[in-house]
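Listed below, chain by chain, are the residues.
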Amino acid sequence: MATPLRPIECSAQPLSIAFHPVKDLLAAGLVDGTVEIHDLQPNDDAPASANGGDGDDGMEGDDEADTILASIQVAKEAPPSKSSTQMLAKVDASAGERAIGGKATQGPSCRSVLFSRPPANNSNDASMSQSGGEHLYTVCNGGSLRCLDTERACSLESANNTGAPSPILWSVENAHNLGINKLYQLPHSSPCGPALVTGDDIGTVRLWDTRLCGNNTQITQKSNPFDNLMQLPTGCIQHWKVNHDYITDFETNGDGTTLFASSADGTLSVLDVRFVNRKNTPRSVSVKDVDPHAPTAPPQSSRGKKSTWDTSGYVQSDNQEDELLSLALIKNGAKLLVGTQQGILSLFSYNIWGDISDRFPGHPQSIDALLKVDEDTVLTGSSDGLVRAVNLLPNSLLGVLGAHDGFPIEGLGFSAGRKVVGSVSHDEYIRLWDASVLNEDDADEEEEEDGMQEEPSKEAPGLKGAATKAAGEDSEDDWEDMDEDEEMKDHDSDSDDSGGEGGGGSKPKQREKIFKSANEEFFSDLAVDIDNRWQTNVVIREGEQPADAIFTALRPYGVDHIARRTIFEEAKKAGVPYTRESTLLFSQNIVLQEDDSFSGLFTFYDDGTQPIDALYNFAKEHSIQSRFDGLRDALLPKLCELVPCPRKRPRIWHNKITSEDGKPLGVLEILDEDEAVDTVDGFVQRIAVDVGDRTAFRQNLLSVICKSVTCTRRVPVLYRQTVTTPDGRTIGDVEVFEGEEVIDAAVRFIRKSNQSLDEIALKNHLLQRACGIDRLKCTRNVGVVYNQKINAEGGAPINTLTIYENEEPADAVFSWCKEHNVAAASYMPSIMNAVCGSDLVVCNRQRASYFKIPISSPEGEHVNTLELLVGHEPADDIYAFFASNGLFKKGWDFRGVVNQLCEKPAVNCQRRKAVKHYDRNFTMGNVTIGPLVVWEDEEVADVLYSVRKSHNLTLHDQVVKFNEICKKPEVVCERTRAVVFHKTEITKLDYEKFGNETCQRQFLGVKYRSAFVNLPFGSKVAELLKEDAAKAVVEHPLFCVGILVVLLATLHIVARTGRVREKVHPAFTWTLSIWLVFLVAVLQAVLVEPDTAVDQAMHVYEGKLPDLIILEDEEPVDALLKWGKLAAKDHHPIVREPIYWEILDELCNQTEVLTCTRTRAWEFLNVGAMTFFGQDYPIEVYNSAVDPTADCHPTSGGATSCLEKAAAQFCERLWPPPNNCVRDITAHIVSQIQSTDEKRLDAKCSYKRLALEMDAPGRELYKRAASVARERRMNMSPFRRVDNGTLAFDTWSRETAEAHTAIDTFHKIHDPESREWNDKPCTPYKDGNMMIEV
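Counting from 1, residues in each chain are numbered in the order their sequence is written. Predicted model: local features are reported for residues with pLDDT of at least 70 only, side-chain atom pairs are reported and counted for 80 or more only, and whole-chain, interface and lining totals are derived from all residues. Heavy atoms from the whole structure form the basis of all side-chain values; hydrogens and water molecules are not counted.

1. Structural notes on the sheet that holds strand E28 (residues 396-403)
- Any two strands are treated as partners once DSSP identifies two or more bridges connecting them. For the purposes of this entry, the term helix denotes a DSSP run of H or I that reaches at least four residues, the term strand denotes a run of E that reaches at least two, and both are numbered from the N terminus. Taking strand neighbours across the sheet as the criterion, the 4 strands line up as E25-E26-E27-E28 in an open arrangement whose pairing is antiparallel. The open sheet terminates on both sides in strands that have one partner only, identified here as strand E25 (367-372) and E28. Each adjacent strand pair in this sheet contributes to an overall mean axis angle of 25°, direction not counted. Helix axes are fitted to C-alpha atoms over the stretch in contact, other axes to C-alpha atoms as well, and angles between N-to-C directions run from 0 to 180 degrees.

2. Considering the pattern of salt bridges
- Each salt bridge in this description consists of a side-chain nitrogen of Lys or Arg and a carboxyl oxygen of Asp or Glu lying within 4 Å of one another. Under the defined criterion, the tally for this structure stands at 64 salt bridges.
- The partner of arginine 780 in a salt bridge is aspartate 744, with the nearest N and O atoms 2.7 Å apart. Of this pair, arginine 780 sits in the loop between helix H17 (759-770) and strand E40 (784-791) while aspartate 744 sits in helix H16 (residues 742-753), and the two are 36 residues apart along the sequence.
- The partly exposed category is assigned to arginine 780, whose relative accessible area is 28%.
- Here glutamate 1163 ties to arginine 1240 by a salt bridge, and the two come within 2.6 Å at their closest N and O atoms. Within this pair, whereas glutamate 1163 is found in strand E50 (residues 1163-1172), its partner arginine 1240 is found in the loop between helix H34 (1221-1238) and helix H35 (1246-1249), the two being separated by 77 residues in sequence. The two residues glutamate 1163 and arginine 1240 agree in class, both being buried. For every residue, the accessible area (1.4 Å probe, protein chains only) is compared with the maximum for its type, and the residue is labelled buried under 20%, exposed over 50%, or partly exposed between those bounds.

3. Considerations on the packing of aromatic side chains
- Think of it this way: a Phe, Tyr or Trp ring, Trp meaning its six-membered ring, pairs with another when their centres are within 6.5 Å, and the plane angle makes it stacked under 30 degrees, edge-to-face over 60, tilted otherwise. Counted under the stated rule, the structure contains 23 aromatic pairs.
- Geometrically, the ring pair formed by phenylalanine 1172 and tyrosine 1177 is edge-to-face, given 6.4 Å between the ring centres and 75° between the ring planes. In terms of burial, phenylalanine 1172 and tyrosine 1177 fall into one category: buried.
- Put simply, the rings of Tyr879, Phe882, Phe888, Trp892 and Phe894 touch in pairs and so form one group of aromatic residues.
- Seen from the ring of phenylalanine 414, arginine 418 lies directly overhead, with NZ or CZ sitting 4.3 Å from the centre.
- Counting as a charge over the ring demands two things of the Lys NZ or Arg CZ atom: a distance within 6 Å of the ring centre and an angle within 35 degrees of the ring normal. One Lys or Arg, lysine 1122, reaches over the ring of phenylalanine 1164 and ends 4.6 Å from the middle of that ring.

4. A few points about the nonpolar core
- If you look at the biggest cluster of nonpolar residues, it comprises 74 residues, and the most contacted ones within it are Val940, Trp1123 and Ile1143.
- Only buried residues count toward a nonpolar core. Its members are Ala, Val, Leu, Ile, Met, Phe, Trp, Tyr and Cys residues joined through side-chain atoms within 4.5 Å. By size, the runner-up hydrophobic cluster in this structure holds 41 residues, among which are Phe551, Ala676, Val684 and Ile705.

5. Points about the sheet that holds strand E5 (residues 68-73)
- The 4 strands lie next to each other as E2-E3-E4-E5, forming an open sheet whose pairing is antiparallel. For this open sheet the edge positions go to strand E2 (14-19) and E5, each flanked by a neighbour on one side alone. Each neighbouring strand pair of the sheet contributes to a mean axis angle of 20°, computed without reference to strand direction.
- Bridging between strand E3 (residues 25-30) and strand E4 (residues 34-39) involves 5 bridges; their strand directions are antiparallel. Bridge pairing links glycine 29 to valine 35 in E4.

6. Let's talk about the packing of helix H12 (residues 611-621) against helix H13 (residues 628-642)
- Their axes nearest at 10 Å, the elements H12 and H13 cross at an angle of 145°. Like other packed secondary-structure pairs, H12 and H13 cross with a definite hand, here right-handed. Here Pro611, Ile612, Leu615, Tyr616, Phe618 and Ala619 of H12 lie close against H13, whose contacting residues are Phe628, Leu631, Arg632, Leu635, Leu636 and Leu639. The hand of a helix crossing depends on one turn: near helix anticlockwise from the far one by less than a right angle means left-handed, and clockwise means right-handed. The contact criterion used is simple: two residues touch if any of their non-hydrogen atoms lie within 4.5 Å.

7. Topic: H13
- With 15 residues, H13 should reach 21 Å at 1.5 Å per residue; the first-to-last C-alpha distance of 20 Å fits that figure.
- At leucine 635, H13 is bent by approximately 40°, the largest bend along its length, and proline proline 637 sits one to four residues beyond.
- Among the residues of H13, those classed as buried are Phe628, Leu631, Leu635, Leu636 and Leu639.
- Residues of H13 that are buried make contact with strand E34 (584-591), strand E35 (599-605) and H12. For a helix, the expected span equals 1.5 Å multiplied by the residue count minus one. In this analysis the local bend is the angle between axes fitted, respectively, to the seven residues ending at and the seven residues starting at the residue.

8. Some details on the state of the cysteines
- Note on disulfides: each one is a pair of cysteine sulfur atoms within 2.5 Å. A complete count under the given rule lists 9 disulfides for this structure.
- Disulfide pairing is shown between cysteine 771 and cysteine 778; the S-S distance is 2.1 Å. Disulfide cysteine 771 to cysteine 778: torsion about the S-S bond roughly -95°, handedness left-handed.
- Looking at cysteine 771, the relative accessible area reads 31%, which means it is partly exposed.
- Relative accessible area serves as the criterion here: at 31%, cysteine 778 is assigned to the partly exposed category.

9. Some remarks on the environment of phenylalanine 250
- Within the fold, phenylalanine 250 resides in strand E16 (residues 247-252).
- Taking C-alpha positions, phenylalanine 250 is 8.7 Å from alanine 328, a pair spaced 78 residues apart along the chain.
- Dropping the residues within four chain positions of it, phenylalanine 250 is found in contact with Lys182, Tyr184, Val197, Thr198, Gly199, Val205, Leu259, Phe260, Ala261 and Leu327.

10. Points about the side chain of threonine 679
- Take threonine 679: it is sitting in helix H14 (residues 676-686).
- The residues touching threonine 679, leaving out its near neighbours within four places in the chain, are Leu668, Glu669, Ile670 and Asp674.

11. Here's the deal with the packing of helix H20 (residues 874-884) against helix H21 (residues 894-902)
- Two elements in contact, H20 and H21, have axes whose closest approach is 10 Å; the angle formed by their N-to-C orientations is 140°. In terms of orientation, H20 lies oblique with respect to H21. Between H20 and H21 lies a crossing of right-handed hand. Touching Ala875, Ile878, Tyr879 and Phe882 of H20 are Phe894, Val897, Val898 and Leu901, all from H21.
- Basically, the charged four are Asp, Glu, Lys and Arg, the nonpolar ten are Ala, Val, Leu, Ile, Met, Phe, Trp, Tyr, Cys and Pro, and anything else, Gly included, counts as polar. Across the contact of H20 with H21, the residue classes break down as 8 nonpolar, no polar and no charged. Roughly parallel refers to an angle under 35 degrees, roughly antiparallel to one over 145, roughly perpendicular to one between 65 and 115, and oblique to any angle outside these ranges.

12. Examining the confidence of the model for the protein
- Confidence per residue, as judged by the predictor, is encoded in pLDDT with a range of 0 to 100. Here the protein shows a mean pLDDT of 80. Residues at 70 or above account for 78%.
- Put simply, helix H2 (residues 89-94) is where the protein has its lowest mean pLDDT, 32, and E16 is where it has its highest, 96.
- Ignoring residues within four places in sequence, the model shows residues 295-303, a span with pLDDT below 50, making 1 contact including any to other chains.
- The low-confidence segment residues 994-1002 (pLDDT under 50) makes 12 contacts with residues lying over four places distant or belonging to another chain.

What follows is the structure, encoded as structure tokens:
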């Protein structure tokens, strides 16, 4: 290792460093958003410990006060989240939001710092203003770019004087919309001059002209960080967005015409700097983000197309399937070296950017930083905390320059004159290393070493001979030359690079380098091959334990314990003295902090023991197994930093197994959380020799093992398959036990997982995969969910009950009882309790089905299977089937199906009227009501309303029960509100005040009698007699005389025929004639002439009106107006008639259950419906705008108090009440009313046009029509519309047309006669014309 110098301690964790190009100054960007400038000339030049001053030779006193020159806050508070892009942990580390001490830091951070680049022809003795370093540039995680005056910043006078000029020369607060991750400066020879280059967290690269940035014309940061994506800030001369993950590093070629940018998305971007100066080229180039791992589209012909280099100034490499983290241009510009996340050094040949040409694996972790030493050598900073020197082409690891105590190295740099190498990691120290070892002249070194070489010592077996120095022999040179071994030749040299040192042809002899301290005495120097990739030397000092030296030397290369042990054995054979065979890697005193009841020393040696096993054995030996989890969480991460941890579970039992004759069978290990029987079964099945009955052998082993470990089962799992969702989420494992059917295991997993799975696909997959494996059973494809032996009451076994997955358990139990002559009524309840309590059984019902029939629609579409259950009334099951399948809404004949099924012999119907809902012990509002029966012709709302009124309960109690009952699929609820008043047998003639309509003569009044109508063909005869032609004939005075004449004539004609005349006496003919006269007289008196019964039947028939129904929360006058409009369909209009006002008076003044708050009806509007838990709730509202006297004051949002009250009444019937129900329903009603008002003048109804109802007084018709006309700038009078051509309007506006519509509507209904005629209902005839029914 190189000599460590005194480290520099910062006030916070440094994220990046930059050395001044001329002076001994060092700038560091810190995680707290400040930039510090330190002096590299410490008071004491003695070497310091590499641990940051923790040892005896570390920093003493106030070193920070001796080195720090300035501390300037350059970063403001970063927004909480500037990007929706999910960054990797690597991004956060480079962005200053790393995990420090196990806790993530947040806030502003200075991510990168950079001193201005010196001109190409500068000399070291020039002044600062001429040699570079005048400016210090910084970038932050908030997206800002700043320029500081170096001299002003380093001035103590300026720092102590508050009135001194600020060292910050200019700032671009919104340089990027996201955090800037990397800062770079182009050389002065670049086409853009020494322009700055910045790269941010989402792959954006921007070029900056520092002369323009000094104009201080900034874009104000907006609240949304994405507002300025398409607008370039002042000073930005070019914008590329071709990567989709954060930019990690920049590099340029010699003349600065080409810029290289590496990204965590796995691609290298090559950017043409000359593109900036071209005419007619875009200053902003963006490529849509795509998934780099997605399959690429098939290549298309590029004939006639320009490349992105010509059109956008860039080309991009193929995705390397690895994060590209660092860059260095080597081999005189012929190779571009890239450090990657997987620890591979990749090389691109210049101008061949599609894919890499060489790769050098070997670093155990990511390569986050590269520092070019010469054209063949680089320093690498890796996440394992080591700074390595690496030779490229040929590839070899030269040695380790320094270490950071295991912390990842994020940055490297040379000081002025290349005297010192600086490195930055995840602590608060900047490590400095003596770089003189890298700057020795190779030619002088070779001359010195030529005379000092000795004969190689005899190689120990398995090791390569290396030059062994005699004890006490000193060397002034920090590089040691060694003859190149033939086996170390580089097999990965670049055959494409003919101009570099790695070109084809014979290769010059190379030298190997190792680092060692001056005046160091060697006892043994051994060369070791590592994975045939590189060679290193294990140096064992005199008095040093070989195990310690081997572990220390080989740890950076990830060499495993077996290889280390082999090297140790070879060292023993070579005669290296030792006192112990293993390295003590870790030692710590363990104390239980709760009660100090335990204290013990835990030690961990490099003896091949797994770290987790060492911790488990320690806990077991000291009887603290209950504290093992805490011990593991605390110490295992530390141990895994020292040696690999291939497993995280401890070994709880292990032993060598032998056969009965003593033959070794292998070592059996059981890990924690493993089932012993599974591990033992796998071990037994892998035994190659014959051990007899393997099952018995396994059980014998288990009987011994289970005495030491916990065994929860004795049957092994033969097959295990993990099941995941399409999005990759793990559901669980399907386990097939020994002797179990595969299909049974699949069904068990499906039933226990409680997940929505494609059961058929899963079963087919398992059967295809598992059925070809030995020892697995696949004899059926239907799973068994229950298989138990059933005993009689006395304990005698009856038989085994087997239930398959596709059976209903109740049906299977019922069939089993019938098959074994078991009384189902006695045994079924207990058997069903046992069956339904099983984990795998799903019981949809407790009663068995004795009759099944598939039901199809008239079109042949299968609806479902109707099942009649044991102990149920068939009508009830049929009703539930109709309700569950929506057949009532489809208009199916429920009564016909009931009658048809009840005729079948297998179906026993005690009644044919169905019960819609039955509750044996019904409670409502904490009141026990008792049995509740709702029949098929009853509404649930009506029954619950009756219960509520009879027990003085609340509306809330009723609503809760209504929702509980009606959300059941087998119950149909037509209405959500109960009927509070029902008036039947309403006859219009009962309300006639003048004249006696019943005194008119009614011929053939029998047509009004119900007894006659109910006779066969009676209804048809009655309808025939109601026709006008039949009525005219019957009402004629000679109707009965004509009948009598016809009968007598017929009688005498028949009597005069030959045979009748011979057999019938003339006296009989006359006697029969007298009887005919008598019968016709009776017909005239009984059937034709009116009587009291006929008059009453006629009275009811002529004046029959629909039933009047009033629902809950409904105003009686509104219900009455709806009823009046319905009644007018078959009669003359009755609104505004005596019957209307008398019924309204009866409702408001003579009915106790009703309360009238007004006598003027409002406009009824059906504004939709709301489906809530499967029940439709119609939204019906009454618009008060038609009533000028309505007491409704306006509220917010265009609503009124009346509309909000209606919304509140609607929401009261929803349970549980939705959030913001009243607000949302009110807004919906208001929007629907507004929509209705916009279309009023286009309506057919005259009242709707004028926003009135049918019961509006005549005086309001004129007022409303005049209001509509005046709003549209037209008067009602004296203007008279003339549209016969004498008075023409060239173009009528919509307002004029609407005004004329209102005036025409008024003239149509302004006088009572025309209004009554207008209100008469219309009846459509066959020709399609609408005619008034008179």
